[in-house]
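# Notes for the structure review
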Amino acid sequence: MTISPPQAPQQRPSSSQRQTPLATRVQRDAAERAAKSIRGRRIRSRIVIGLMFLASALAVLPLLLILFHLLREGLQSVSPSFFTELPAPPGDPGGGMANAIIGTLILITVAAAVGLPVGIGAGMYVAENRGTRLASLVRFLADVLNGLPSIVIGIFAWQVLVRPIGNFSALAGGVALGVMMIPLVTRSTEEMIRLVPNSLREAALALGYSEARTSLSIVLRTALPGIVTGALVAVSRIAGETAPLLFTALGNQFWSLALDQPIAALPLQIYYYATSPYAEQRALAWAGALVLIGIVLLISLGARMATRNRFGLGSGD
Amino acid sequence: MSEPLHPAPGIDVSLPSGDDVSLRPRGASPGDRLYRGFILACALAIPVLIALIAIEVFVGGWPTLREFGVSFLTSSEWDPANGVFGAAPAIFGTLVSSALALVLATPLALGVAIFLAEFAPNWLRQPLAFLVDLLAAIPSVVYGFWGIVFLVPLLRESVMPFLGDTLGLANTPFFSGPAYGRSMLAAGVILAIMILPYISAVSREVLMAVPRSQREAALALGATRWEMIRDAVVPYAKSGLFGGISVGLGRALGETMAVTMVIGNRAEISASLFAPGYTMASVIANEFTEATDDLHLSALMAIGAVLLIITIIVNAVARWLVWRVSRERTA
């Protein structure tokens, strides 16, 4: 079945009203294809949609491959001793990454101690002073900070906290990760606070609450589940970071909980073992990668649960 | 003067809303001032941090920049043992691997974004979007490890012989030479996988910001679903889509660990994608802890400074492009 050719675009309307580009384009293309049947065009449309489906499948394929390899190789090497023992000397079987797991948790704690207060405070500032020049600038710069390569932030932490002090430290690594957290937390906090209805703030102020008390015990508390979600997402982003730790936290083969000493971290340990010539160490690297992904996914899952909780609360009013 | 009275129930005392009307009480209490000071300090911490990062990295790299000048950027001799530092191979490697990643990832990412935003049936949309997002959650070092164990052998044993011999591309300079597994090609492929979720997430958001009327108008004019996308949706979202691609580019330029693990780390400029290379980020990651003399350290920080400038420019452009689409939507 054929479709009659649509009218070719009339010569430009004499009125000052300009023709929309959309109509021009569609009509031009339709006119071009007037000779073709609508069936051909529909088939073409189907084919392109099919190709997009293929693209989606192809995009997900590496993920499935990675997860498959991780599970196959990692599950063989994860044993109770992986969680309780220190790394074995090179070439010796056994050993674990207990110190690296604890080290990662310590680094995350330091990062959160740096990144959360600053990020939440900045997010509140941007949300409460919306439209001012400084707030827009801070928002823009938060995106810029978020886009900085993590290795450059590592150099910064090294210059500020390692070089003057003279040794690598958990503190420097945690601060580097904390700096990376700040823009993530700022943006998520800002978005969550914007969701709080203005009427809540107005009601609190009308009741005589001070500005600080309104912001902290009304606005912040209402937005809290969302802010927690944002914080967890930020933590899950930095938990697997390696580059900023290379020359700050450095890594450590032994137990160390001290903030002023080099500390082991899961991503670092995976990096060192992944490139190791010893099969035992590469096997441990798989186990470490599996555990690291597990930690990251657990945190993301926690973030999702917190969000669900927020929607649960939200439906009440 | 009369104090405001407590309103009787039922009397409308709704405050005028709007950004220009201050709801703040006149005299700020000490608590308020403390609170305002705290959030202002937090907000100012971000510009200060960026300035500090830039200053520290530039100060660290200054001795090298002063000694080598422009030739630091153009010289391709990188010889730490003899104190000669030219960043050209690393800059070249960063640009080529990122460009390769964009070429590979962009069509797929746009396909994913359009499929998710327009065509995916409801039962498929959520799980598919979740899986694509999951790609962004995998740590870089895990990508690198998987790259070493799976991707590099695959490239060396199947893909490179296929491209070179079966397709006969070995005669061109881009696919010539021995098929090292760890190569520019491996870096480009792993980067493509890593930046795909970023490009598709931004693109999808931009596509969903295109007004319904735009689609309905195209359909009403007789367009098929694909013609609707091509003629009505994509042109409208074009600048935002470029923004998404630039976000991906920014990620690719600064990506460190995965690239360091698969690119081969050789400071040479080679036209062949089969040859090993180096990137700015991987030079720093690879040599920083081993650098013993001050000039070497400062050369690495100078590379960091160059990388910093490039990524700031790319990210600013990306943000501006995305902002243009969202502004059109609200206008």
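Residues numbered from 1 in each chain as written. Chains lettered and ligands numbered in written order. Predicted model: local features only at pLDDT ≥ 70, side-chain atom pairs only at ≥ 80, totals over all residues.

### Section: the overall build of chain A
Test applied: The numbering of helices and of strands both runs from the N terminus, where a helix is a DSSP run of H or I of at least 4 residues and a strand a run of E of at least 2. Residues with at least 20 neighbouring C-beta atoms inside 10 Å of their own are called buried, those with 12 or fewer are called exposed, and the rest are partly exposed, where every C-beta is derived from the backbone. A residue pair is marked as a contact if its C-beta atoms, positioned from the backbone, fall within 7 Å.
Looking only at helices and strands, one finds 11 helices and 0 strands in chain A. Counted from the first residue to the last, chain A has its helices and strands arranged as α-α-α-α-α-α-α-α-α-α-α. Counting across all 317 residues of chain A, residues that qualify as buried make up 47%. Long-range contacts, defined here as pairs at least 24 residues apart, represent 71% of the contacts in chain A between residues at least 6 apart.

### A few points about the overall build of chain B
What counts here: Two things to know: the radius of gyration comes from C-alpha atoms, and the globule rule equals 2.2 Å times the number of residues to the power 0.38.
Regarding its fold elements, chain B presents 11 helices and 2 strands. Along chain B, helices and strands appear, N-terminal first, in the series α-α-β-β-α-α-α-α-α-α-α-α-α. Over its C-alpha atoms chain B spans a radius of gyration of 26 Å, topping by over 25% the 20 Å that the globule rule assigns to 331 residues. By its C-alpha atoms, chain B is 85 × 60 × 35 Å across when sized along the principal axes. Within chain B, counting contacts between residues at least 6 apart in sequence, those at least 24 apart form 76% of the total.

### Quick look at helix H6 (residues 150-162) of chain A
H6 of chain A sits mainly inside the fold: 11 of its 13 residues count as buried. Along H6 of chain A, the positions that sit buried rather than exposed are Ser150, Ile151, Val152, Ile153, Gly154, Ile155, Phe156, Ala157, Trp158, Gln159 and Val162 of chain A.

### Focus on the interface of chain A and chain B
To keep things clear, this is the line we draw: Charged residues are taken to be Asp, Glu, Lys and Arg, nonpolar residues to be Ala, Val, Leu, Ile, Met, Phe, Trp, Tyr, Cys and Pro, and polar residues to be all remaining types, Gly included.
Each side of the interface is counted separately: chain A has 82 residues, and chain B has 81 residues. The greatest single-element share of the side of chain A that touches chain B, amounting to 19 residues, is contributed by helix H2 (residues 38-77) of chain A. Its residues assigned to classes, the side of chain A that touches chain B shows 54 nonpolar, 18 polar and 10 charged.

### What about H2 of chain A?
Residue and element names in this part refer to chain A. What counts here: The length a helix should cover is 1.5 Å for every residue beyond the first. At any given residue, the bend is defined as the angle formed between two axes, one fitted to the seven residues that end at that position and one fitted to the seven that begin there.
For H2, spanning 40 residues, the distance from its first C-alpha to its last is 59 Å, which sits close to the expected 58 Å at 1.5 Å a residue. The sharpest bend along H2 comes to roughly 25°, located at Val60, with the proline Pro62 sitting one to four residues further on. Among the residues of H2, Ile49, Met52, Ala55, Ser56, Ala59, Pro62, Ile66, Leu70, Glu73 and Gly74 are the ones counted as buried.

### A few points about unusual backbone geometry
Most of the time, phi is negative for any residue but glycine, and the peptide bond is trans. The phi dihedral of Leu250 of chain A falls on the positive side, at around 70°, and the residue is not glycine. Notably, Asn265 of chain B is not glycine yet its phi reads approximately 50°, a positive angle. Here Asn265 of chain B lies in the loop between helix H9 (257-262) and helix H10 (280-287). Assessed through the 19 C-beta atoms surrounding it within 10 Å, Asn265 of chain B is described here as partly exposed.

### Structural notes on the nonpolar core
Residue and element names in this part refer to chain B. The test is simple: For this analysis, nonpolar core means a set of buried Ala, Val, Leu, Ile, Met, Phe, Trp, Tyr and Cys residues linked through C-beta atoms within 7 Å.
In this structure, Ile190 and Val262 are the most contacted members of the largest nonpolar core, which totals 203 residues. Looking at this core element by element, the count peaks at 18 residues for helix H6 (residues 184-208). Discounting residues that sit within four places of it in the chain, Ile190 has contacts with Tyr143, Gly147, Leu151, Ala258, Val259 and Val262.

### Focus on the confidence of the model for chain A
Caution applies to low-pLDDT parts of the model: their predicted coordinates are not meant to be read in detail. Applied cut-off: Confidence of the predictor in every single residue is expressed as pLDDT, which spans 0 to 100.
With 88% of its residues at a pLDDT of 70 or more, chain A shows a mean pLDDT of 87. Scored below 50 in pLDDT, residues 1-17 of chain A shows 16 contacts in the model against residues more than four places distant or in partner chains.

### Looking at the packing of helix H5 (residues 133-147) of chain A against helix H7 (residues 170-195) of chain A
Residues and elements named next belong to chain A. Note the cut-off: All axes here are fitted lines through C-alpha atoms, helices being fitted over the stretch that makes contact, and every angle between N-to-C directions spans 0 to 180 degrees. Angles below 35 degrees are treated as roughly parallel, those above 145 as roughly antiparallel, those between 65 and 115 as roughly perpendicular, and all remaining angles as oblique. Working rule for handedness: look at the near helix, and if it is turned counterclockwise from the far one by less than a right angle, call the crossing left-handed; if clockwise, right-handed.
Interaxial distance between H5 and H7 falls to 8 Å at its minimum, and their mutual angle equals 140°. Considering their axes alone, H5 and H7 lie oblique with respect to each other. Pair H5 / H7 crosses with left-handed handedness. Where H5 approaches H7, its residues Ala142, Asp143, Leu145 and Asn146 are matched on the opposing element by Ile182, Pro183, Leu184, Thr186 and Arg187. Grouping the amino acids of the contact of H5 with H7 by side-chain chemistry returns 5 nonpolar, 2 polar and 2 charged.

### Quick word on the confidence of the model for chain B
Residue and element names in this part refer to chain B. A residue-level look at chain B finds 91% of positions with pLDDT of 70 or above and a mean pLDDT of 89. In this model residues 16-21 is a low-confidence stretch, pLDDT under 50, and it forms 4 contacts with partners more than four residues away in sequence or in other chains. In the predicted assembly, ipTM is 0.88 and pTM is 0.88.

### A look at the packing of helix H4 (residues 98-128) of chain A against helix H1 (residues 30-68) of chain B
One can describe the packing of H4 of chain A onto H1 of chain B by two numbers: an axis separation of 7 Å at closest approach and a directional angle of 105°. Taken together, the axes of H4 of chain A and H1 of chain B lie roughly perpendicular to each other. Taken together, the residues of H1 of chain B that come into contact with H4 of chain A (itself represented by Val118, Gly121, Ala122, Met124, Tyr125 and Val126 of chain A) are Phe38, Ile39, Leu40, Cys42, Ala43, Ala45 and Ile46 of chain B. Across the contact of H4 of chain A with H1 of chain B, the residue classes tally to 12 nonpolar, 1 polar and no charged.

### Things to note about the environment of Met180 of chain A
Residues and elements named next belong to chain A. Among the secondary structure elements, Met180 is positioned in helix H7. Along the chain, Met180 and Pro244 lie 64 residues apart, while their C-alpha atoms are 9.4 Å from each other. Setting aside its immediate chain neighbours within four residues, Met180 contacts Ser150, Ile153, Ile238, Glu241 and Pro244.

### Regarding the environment of Thr311 of chain B
Inspection of the secondary structure assignment puts Thr311 of chain B in helix H11 (residues 294-330). When the C-alpha positions of Thr311 of chain B and Gly250 of chain B are compared, they lie 5.6 Å apart, and in sequence the two are 61 residues distant. Not counting residues up to four positions away in its chain, the partners in contact with Thr311 of chain B are Gly147, Leu148 and Pro149 of chain A together with Gly250, Leu253 and Gly254 of chain B.

### Focus: the environment of Gln126 of chain B
Residues and elements named next belong to chain B. Its place among the elements puts Gln126 in helix H4 (residues 122-137). C-beta crowding within 10 Å serves as the criterion here: with 11 such atoms nearby, Gln126 is assigned to the exposed category. The spacing of Gln126 and Leu116 is 10 residues in sequence and 8.8 Å in space, taken between C-alpha atoms.

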